[in-house]
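Tertiary structure, described
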Amino acid sequence: MARTRVRAAVLSAVGAPLEITGIDLPATGPGRVRVRLAAAGVCHSDLSLSNGTMRVPVPAVLGHEGAGTVVSVGEGVTHVALGDPVVLNWAPSCGDCHHCGLGEVWLCANALSGAGDVYARTADGTDLHPGLNVAAFAEETVVAANCVLPVPDGIPLTDAALLGCAVLTGYGAVHHSARVRAGESVAVFGVGGVGLAVLQSARIAGAGQIVAVDVSPEKEELARAAGATDFVIASQTTAKEIRKLTGAAQGVDVAIECVGRAVTIRTAWDSTRRGGRTTVVGIGGKDQQVTFNALEIFHFGRTLSGCVYGNSDPARDLPVLAEHIRAGRLDLGSMVTERIGLDGIPAAFDNMLAGKGGRALVVF
Ligand SMILES: [Zn+2]
Ligand SMILES: [Zn+2]
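Report follows, based on the coordinates. Since we're looking at a predicted model, the values are computed, not measured.

**Description of the sheet that holds strand 2 (residues 19-25)**
Across the sheet, which stays open at both edges, the 5 strands sit in the order 4-1-2-7-8 with antiparallel pairing between neighbours. Among the strands making up the open sheet, the edge pair consists of strand 4 (60-61) and strand 8 (127-128). Both strand 1 (residues 4-11) and strand 4 contribute to a ladder of 2 bridges, which runs antiparallel. When the bridges of strand 4 are listed, V10 appears paired with V61.

**A closer look at the pairing of strand 13 (residues 230-233)**
Bridging between strand 12 (residues 210-214) and strand 13 involves 4 bridges; their strand directions are parallel. Each bridged residue has a counterpart across the sheet, and for V213 the counterpart in strand 13 is V232. As a crossover connection, the stretch from strand 12 through helix 5 (residues 219-225) into strand 13 is right-handed.

**Some points on the sheet that holds strand 15 (residues 272-280)**
Spatial strand order, 13-12-11-14-15-16: 6 strands in an open sheet with parallel pairing. Both edges of this open sheet fall to strand 13 and strand 16 (303-306), since each of them pairs with a single strand only. Strand-to-strand twist of the sheet, defined as the mean angle between neighbouring strand axes without regard to direction, takes the value 20°. On top of the sheet, helix 6 (residues 238-245) reaches strand 11 (186-189), strand 12, strand 13 and strand 14 (252-257); it is set at about 160° to strand 13, its chief contact.

**Observations concerning the coordination of the zinc ion (ligand 1)**
The zinc ion (ligand 1) binds to the protein through C43 (SG), H64 (NE2) and C165 (SG); the donor distances cover 2.0 to 2.2 Å. Within one chain, the residues donating to the zinc ion (ligand 1) are spaced in sequence as C-x20-H-x100-C. One end of the pair, C43, is in the loop between strand 3 (32-42) and helix 1 (44-51); the other, H64, is in the loop between strand 4 and strand 5 (65-73), and 21 residues separate them in sequence. With respect to burial, C43 and H64 carry one shared label: buried.

**Overview of the coordination of the zinc ion (ligand 2)**
Looking at the metal site, the zinc ion (ligand 2) is ligated by C94 (SG), C97 (SG), C100 (SG) and C108 (SG), spaced 2.3 to 2.4 Å from it. Taken together, the 4 donor atoms coordinating the zinc ion (ligand 2) span angles of 101 to 118° at the metal, a pattern that classifies the geometry as tetrahedral. Considered as a linear motif, the donors of the zinc ion (ligand 2) on their single chain read C-x2-C-x2-C-x7-C. Placement of C94 in the loop between strand 6 (85-88) and helix 2 (98-102) and of C108 in the loop between helix 2 and strand 7 (120-122) is noted, with a sequence separation of 14 residues between them. Its relative accessible area of 7% is what places C108 among the buried residues.

**Considerations on the state of the cysteines**
Enumeration over the complete set of coordinates arrives at 0 disulfides. The thiol of C147 is unpaired, and the distance to the nearest cysteine sulfur, on C108, comes to 11 Å. In this structure C147 comes out as buried when scored by relative accessible area, which is 3%.

**Some words on the side chain of R359**
Looking at the element boundaries, R359 is found in strand 18 (residues 359-363). Using a relative accessible area of 4% as the deciding quantity, one classes R359 as buried. Of note is the side chain of R359, whose polar atom sits 3.4 Å from the backbone oxygen of V42. Ignoring any residue separated from it by four or fewer positions in sequence, one finds R359 in contact with V42, C43, H44, E65, L162, A166, G193, M335, V336, T337 and E338.

**Topic: the environment of T53**
Note that T53 resides in the loop between helix 1 and strand 4. On a C-alpha basis, the gap between T53 and I283 in space is 8.7 Å, while along the polypeptide they are 230 residues apart. What T53 contacts, discounting residues up to four positions off in sequence, is S48, G284 and G285. A polar atom in the side chain of T53 sits 2.8 Å from the side chain of N51.

**Notes on the pairing of strand 6**
The pairing of strand 5 with strand 6 spans 3 bridges and is antiparallel. Bridged to G68 within strand 6 is V86. In this structure, strand 6 lies alongside strand 10 (residues 148-150), joined through 3 bridges in antiparallel fashion. Bridging from a neighbouring strand, V87 pairs with L149 of strand 10.

Calculation criteria
Residues numbered from 1 in each chain as written. Chains lettered and ligands numbered in written order. Predicted model: local features only at pLDDT ≥ 70, side-chain atom pairs only at ≥ 80, totals over all residues. Heavy atoms only, no water. Pairing = 2+ DSSP bridges. Helix = DSSP H or I, 4+ residues; strand = E, 2+ residues; numbered from the N terminus. Right-handed = clockwise from strand over helix to strand, strands pointing away. Axes fitted to C-alpha atoms, helices over the stretch in contact; angles between N-to-C directions. Contact = heavy atoms within 4.5 Å. Donors = N, O, S within 2.8 Å, 3.2 Å for Na, K, Ca; no water. Buried < 20%, exposed > 50% of the residue type's maximum accessible area, 1.4 Å probe, protein only. Tetrahedral: all angles 85-135°; square planar, octahedral: opposite > 155°, others 65-115°. Disulfide = S-S within 2.5 Å. Polar contact = N/O pair within 3.5 Å; in protein donor to acceptor, adjacent residues only side chain to side chain.

Below is the structure:
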């Protein structure tokens, strides 16, 4: 099969604006799957890749939270077939490394080994890399077979797209990392796509008080619709305000940080009770130094944990999430505050920087 041209959002260099242009995809080789995208969410990590906070080889097609339909499969691919609806999995596990052996597939040492591959070319013949493996900001993509998972029955592709990053991450932060138990109080910092998924997941876990924190007062309505019982506008006194809201001013049982900044991580930790747990989901830069003194670490007996991809195993967790969607406990449509085309992605980045809205969804 000859190469075919599709439209894509290309990052030519770190810091450059995304360019919407035609790219040429190769024929579907052995062990590869070609997917026609139905929808792709714009995640904060795409912004971080475009501005250099996170790095992958460039030029690249970004986009890692997507779903679509299989349009061709290469030799040896058996778990999906032509016409199947699939979720893209940007962090496929190899099954062979130390972490995969421990069952910690979200820490797979080889998850991003495909990011350096050349998967397509620009119209003038320049090599293109697939961003975080799956290059979802394009009408079609070609990925390794382990980067696609069948969409569970009855889940629309626009919902399935969000499962691929924001929802697996947010749900996993609550259920696998922080392990929120019924009746516990939870504070959620940052009401973007992941924060909204965290709020809904805390509600599913049966959390009692759920405090949402954001710099923007416009997020209150979205946060409350997702399960927040209280809303606090971020300020220098946020931790104190959260402690005041909780029983006997002890602080929340669990804080989940979805921003990735030193000040929010520190505030999240400060807002928990003695013995409380803080999970950091946000991805910050090396310049974000968080400091603690030795005495407070002892005195408060708190825990601070990192969390990668929600400590999720997509193959195990997607059917569980689908069940929550079918039962109406998880409402992914409410996370989407904007439906855009590929050319709307730069403006979606600007909104993210300005702290506006929930998830922007590219609908093809
Ligand atoms: Zn993401
Ligand atoms: Zn592995």
